[in-house]
Amino acid sequence: MVSASKGFRWSVVVFVAVTLIYTGAAYVYVTPPPRESLFRLYVLGEEKMFEHYFPDENATVKPDVALRWYVGVTNLMGSVQCVAVKAKLGNATTQSPSGADGTPAPVPALIELRRVLLDNETWEIPLAWKVIEVRQDGAVVSLVLDVNGVEVEPIVHAISGENFRMMFELWTLTPGSGDMSLGWIDRSSGERRATWLQVWFNVTAT
Amino acid sequence: MSSCLNEYVERLHCHSSQGLRGHELESESSNSSLSSRLSFRRGGSLGMSRLAEAIVASLVLLSACSTAAASSALNPRIMGTNGPPIDEAEQRLRLAYAALNAADELGVSGAEVSVLANRLNNALDLLSDARVFEKIGNGTAASEYASRSGAISDSVREDAEDFGERTSEALFSKRFAIFALAPVVGLIGAVVFYLAYRGRRRPSMEKILRMGIRRKQEDG
């Protein structure tokens, strides 16, 4: 009788212990840990490699020379995301985008492309562009570009046509606010992150 | 606007003829001299009347212009940058995306999310085309593309909400079942332990009893 009572008491202890352990394991199972959320942004040359961005690797662009790049975005956020890639023309003094406070470069976009991306999906955007016209006002050079068949006149100038840069910004649509903004909110830290790229080039009229 | 003006002209004509009848119309022989005579003889009252008519006319014209401006602003045609249909389609697309994102986070199957994402991309493409049409000044096409985009967005939003609701219910049932199993698993563990405990105790009890019987037999 004494042993049965002792066995029962131990059984109650085992019941409580097993219940608690199971509950903990179940909680871990149904609540996956927050993983790092990010995007990958890259620019490839005409052969879809990290090279040959310019003919003969010469970063001095001449008018009517067609350039073909590929801008890629991979969604590693863990859920479907609506993204926009903005291509902008800047010069040496153009303020670069800031990932810390989500401030984009203060120049209008040459082209903006949007897409809804599934988790782990990569979207590669062909970007065909060329300088149609080089306008010179003394030493100040401004451009007229053809970007994916659309003629654009950027507001940016450069002295002697040097140090232009093509910038690519990744924007996302935040579901809660409904606004497109530079970068994204990292779920694990709650902080805003941003990614952007730039390719420097010079322009000559001849 | 033209109808307002016509109405105004009619009213003005009516007022004017009433005014002529109401005032001393001594001679109907010459209409040309009538006004000068009237203005001479009844210069004060008629002058005021014309001033009043001019004010009324100005007010009517002003209100007609403001009505036209207001109707232009509210007209669902593309006006300038991002007219109402495009803005509305954009808003509907954002709502659809929010619903799709929420459904995906809830755990709706990848295949269903993929189908909805493709449809939403179609809506995005149509909206992009609408912007191009707007830029080249084809408001009708822009409006049509924007409304098609909005219709797709609405259907995506509805489907995403349905999928999300269904998945949410299934998820709740699954979680409830998982946590409801906790006491059952605990009970099974306790019973197994108890049986094992008793199973381990029985041979030792039998051994003690046998020893007691042997001692009694030896004593006896």
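Since this is a predicted model, take the numbers as computed values, not measurements.

Moving on, we come to the overall build of chain B. Within chain B one finds 6 helices and 0 strands. Classification of the 220 residues of chain B by burial places 19% in the buried group. Across chain B, every contact between residues at least 6 apart in sequence was considered, and the portion connecting residues at least 24 apart equals 72%.

So, about the overall build of chain A. Helix and strand counts for chain A stand at 1 helix and 14 strands. Taking all 206 residues of chain A together, the buried fraction comes to 25%. Pairs at least 24 residues apart make up 68% of the contacts formed inside chain A by residues separated by at least 6 positions.

The next point concerns the interface of chain A and chain B. Contacts between chain A and chain B engage 25 residues on the former and 29 residues on the latter. Put simply, the parts of the chain that give the side of chain A that touches chain B at least two residues each are α1 (2-30) and β5 (109-117) of chain A. The greatest single-element share of the side of chain A that touches chain B, amounting to 15 residues, is contributed by α1(A). By residue class, the composition of the side of chain A that touches chain B is 16 nonpolar, 7 polar and 2 charged.

Residue and element names in this part refer to chain A. One can find Gly102 in the loop between β4 (81-90) and β5. Between the C-alpha atom of Gly102 and that of Arg192, which follows or precedes it by 90 residues, the distance is 6.9 Å. What Gly102 contacts, discounting residues up to four positions off in sequence, is Ser181, Leu182, Gly183, Arg192 and Ala194.

With that settled, the discussion passes to the environment of Leu182(A). All names here are of chain A. Within the secondary structure layout, Leu182 lies in strand β11 (residues 180-182). Accessibility expressed as a C-beta count within 10 Å gives 23 for Leu182, which makes it buried. Considered as a pair, Leu182 and Thr172 are 10 residues apart in the sequence and their alpha carbons are 6.5 Å apart. Look past the residues within four positions of Leu182 in its chain and what remains in contact with it is Pro97, Gly102, Pro104, Glu169, Trp171 and Ala194.

In this structure, Leu100(B), Leu120(B) and Leu127(B) are the most contacted members of the largest nonpolar core, which totals 59 residues. Tallying contributions element by element places helix α5 (residues 110-135) of chain B first for this core, with 9 residues. Residues contacting Leu120(B), with those up to four places away along its chain left out, are Val116(A), Ala96(B), Tyr97(B), Leu100(B), Ser153(B) and Val156(B).

All names here are of chain B. Helix α6 (residues 139-219) packs onto α5 with a crossing angle of 160° between their chain directions and a minimal axis gap of 8 Å. Classed by the angle they form, the pair α5 and α6 counts as roughly antiparallel. Crossing hand, α5 versus α6: left-handed. By residue class, the composition of the contact of α5 with α6 is 15 nonpolar, 4 polar and 6 charged.

Our next topic: α5(B). Helix length check: α5(B) (26 residues) gives 37 Å between terminal C-alpha atoms against 38 Å at 1.5 Å per residue, within 8%. Among the residues of α5(B), those classed as buried are Val113(B), Leu116(B), Ala117(B), Leu120(B), Ala123(B), Leu124(B), Leu126(B), Leu127(B), Ala130(B) and Glu134(B). Summarising the contacts, the buried residues of α5(B) are in contact with β5 of chain A together with α4 (84-106) and α6 of chain B. Count one or two residues on from α5(B) and you reach Gly137(B), which has phi positive near 90°.

Let us now look at the packing of α4(B) against α5(B). Helix-helix packing: each pair is described by the crossing angle between the helix axes and the interaxial distance. Residues and elements named next belong to chain B. At a minimum axis distance of 11 Å, the contact between α4 and α5 shows a crossing angle of 165°. The orientation of α4 relative to α5 falls into the category roughly antiparallel. Note on packing geometry: the crossing formed by α4 with α5 is left-handed. Each of Ile86, Ala89, Glu90, Leu93, Ala96, Tyr97, Leu100, Ala103 and Asp104 in α4 lies in contact with α5, whose residues at this interface are Val113, Leu116, Ala117, Leu120, Ala123, Leu124, Leu127, Ala130, Arg131 and Glu134. Its residues placed into classes, the contact of α4 with α5 shows 15 nonpolar, no polar and 4 charged.

Here we take up the pairing of strand β3 (residues 67-76) of chain A. Residues and elements named next belong to chain A. Here strand β1 (residues 38-44) runs beside β3; their pairing, made up of 7 bridges, is antiparallel. Along β3, the bridge assignment pairs Leu41 with Val73. Relative to strand β6 (residues 122-137), β3 runs antiparallel, the two sharing 8 bridges. Note on β6: the bridge partner recorded for Trp69 is Leu127.

This part takes up the confidence of the model for chain B. All names here are of chain B. Counting all residues, the mean pLDDT for chain B is 75, and 63% of those residues have values of 70 or more. Least confident of the elements in chain B is helix α2 (residues 31-41), whose mean pLDDT is 38; most confident is α5, at 95. The model gives residues 68-80 a pLDDT under 50, and that stretch makes 15 contacts with residues more than four places away or in other chains. Scored by ipTM, the complex comes to 0.85, with pTM at 0.70.

Analysis parameters
Residues numbered from 1 in each chain as written. Chains lettered and ligands numbered in written order. Predicted model: local features only at pLDDT ≥ 70, side-chain atom pairs only at ≥ 80, totals over all residues. Helix = DSSP H or I, 4+ residues; strand = E, 2+ residues; numbered from the N terminus. Buried ≥ 20, exposed ≤ 12 C-beta atoms within 10 Å, placed from the backbone. Contact = placed C-beta atoms within 7 Å. Nonpolar A, V, L, I, M, F, W, Y, C, P; charged D, E, K, R; others polar. Core = buried A, V, L, I, M, F, W, Y, C linked by C-beta atoms within 7 Å. Axes fitted to C-alpha atoms, helices over the stretch in contact; angles between N-to-C directions. Parallel < 35°, antiparallel > 145°, perpendicular 65-115°, else oblique. Left-handed = near helix turned anticlockwise from the far one by under 90°. Expected span 1.5 Å × (residues − 1). Pairing = 2+ DSSP bridges. pLDDT = per-residue confidence, 0-100.

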